[in-house]
Amino acid sequence: MRIIEDPAELQAPDLCGCGFVPTMGALHAGHGSLVTRARADGRPVVVSIFVNPTQFGPNEDYARYPRTLDSDCALLEPLGAAAVFVPPVEAIYPNGLAAARIESEAIALPAVATAPGLEDACRPGHFGGVALVVGRLFDLVRPSAAYFGEKDFQQLRLVQDMVSADRPRYGELRIVPCPTVREGDGLAMSSRNRYLSGDERTAAIALARALQVAHSAQRVETAERLMRETLESF
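What you are looking at is a predicted structure, and each value in this text was computed from that prediction instead of being measured.

Draft legend 1. Helix α9 (residues 198–215), seen in detail. With 18 residues, α9 extends 26 Å between its outermost C-alpha atoms, agreeing within 8% with the 26 Å of an ideal straight helix rising 1.5 Å per residue. For α9, the complete set of buried residues consists of I205, A206, A208, A210 and A214. Buried-residue contacts for α9 involve α10 (220–232).

Draft legend 2. Local environment of the packing of helix α4 (residues 97–106) against helix α6 (residues 126–141). Contact pair α4 / α6: the axes reach a minimum separation of 8 Å and the direction vectors enclose 110°. Compared by their axis directions, α4 and α6 come out roughly perpendicular. Along the contact surface, α4 presents A100, E103 and S104, while α6 presents G128, G129 and L132. Of the residues that constitute the contact of α4 with α6, the class distribution is 2 nonpolar, 3 polar and 1 charged.

Draft legend 3. Fine view of the side chain of S104. You can see S104 is positioned in helix α4. The class for S104 is buried, based on a relative accessible area of 8%.

Draft legend 4. Inspection of the sheet that holds strand β4 (residues 83–85) at higher detail. One open sheet holds the 6 strands; their spatial order is β1-β4-β3-β2-β5-β6, and the pairing between them is parallel. Here the strands that pair on one side only, and so sit at the sheet edges, are β1 (2–4) and β6 (174–178). Strand-to-strand twist in this sheet, taken as the mean axis angle between neighbours without regard to direction, amounts to 25°. This element, helix α1 (residues 29–40), spans β2 (19–23), β3 (45–49), β5 (145–149) and β6 of the sheet and lies at about 150° to β5.

Draft legend 5. Summary view of the nonpolar core. V46, F85, V134, F138, F148 and I175 are the most contacted members of the largest nonpolar core, which totals 34 residues. Elements with a minimum of two residues in this core: β4, α6, β5 and α7 (153–165). If one sorts the elements of this core by residue count, α6 sits on top with 10 residues. In this structure, V21, A38, V45 and C178 belong to the second largest nonpolar core, which totals 16 residues.

Draft legend 6. Structural view of the packing of aromatic side chains. Scanning all chains against the criterion turns up 6 aromatic pairs. Ring centres of F56 and Y65 lie 6.1 Å apart, and the angle between their planes is 75°; on these two criteria the pair is classed as edge-to-face. A residue is classified by how much of its surface remains accessible, and F56, at 7% relative accessible area, is buried. Residue classification places Y65 among the buried residues on the basis of a relative accessible area of 6%. Among the aromatic residues, those joined into a ring-pair cluster are F20, F138, F148 and Y170. The ring of Y62 carries the charged tip of R67 above its face, separated from the ring centre by 4.9 Å.

Basis of the calculations
- Residues numbered from 1 in each chain as written.
- Predicted model: local features only at pLDDT ≥ 70, side-chain atom pairs only at ≥ 80, totals over all residues.
- Heavy atoms only, no water.
- Helix = DSSP H or I, 4+ residues; strand = E, 2+ residues; numbered from the N terminus.
- Expected span 1.5 Å × (residues − 1).
- Buried < 20%, exposed > 50% of the residue type's maximum accessible area, 1.4 Å probe, protein only.
- Contact = heavy atoms within 4.5 Å.
- Axes fitted to C-alpha atoms, helices over the stretch in contact; angles between N-to-C directions.
- Parallel < 35°, antiparallel > 145°, perpendicular 65-115°, else oblique.
- Nonpolar A, V, L, I, M, F, W, Y, C, P; charged D, E, K, R; others polar.
- Pairing = 2+ DSSP bridges.
- Core = buried A, V, L, I, M, F, W, Y, C linked by side-chain atoms within 4.5 Å.
- Phe/Tyr/Trp six-rings, centres within 6.5 Å; stacked < 30°, edge-to-face > 60°.
- Lys NZ or Arg CZ within 6 Å of the ring centre and 35° of its normal.

Take a look at the structure:
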């Protein structure tokens, strides 16, 4: 498994038409499942690890986001990843971060990233940064397929719409949704789960279970009742 910092090395013949798994590192079994899925398509797999500054707000956790490259590589190598792309910031944003932030703010985002009132409502600027970095990574890696977990569903839909709206740029690139992987207690695996206190983790599990029971309801009123009962049971 190669560790690549120079984007020019991504155009090596053995990586052409690769399957691509973009990440911010601090990898877990959920990321591993994306690599396994990509490998099943018979292509070499490139995994990127880049903590993207343009998708973090001013009071978010960019500075303390976990950087765990050694353990990340230890997880990836037995899964058969061909290469890990670990670019410096200047390789992704050669014109500097200030220019990148202006560019991210100017991106015309699809409605799925601006209208639902979900993550878009509480993290202004986040999806502009996501769109900017994902587009840049696609340009550098030039994959034939990219694999995204359904856990970050609004992000997945953003990437799908972004690619389908700009085929001249992205060609036949295929976006492959992959199922959410959960902990034994039902909490979706996330690099940020390590931040949770005991009480916060209990609350997160309660919310996940409430959403699961509501999913089976046929009426809104029933879904609300089931969610309330589930939340109150914790």
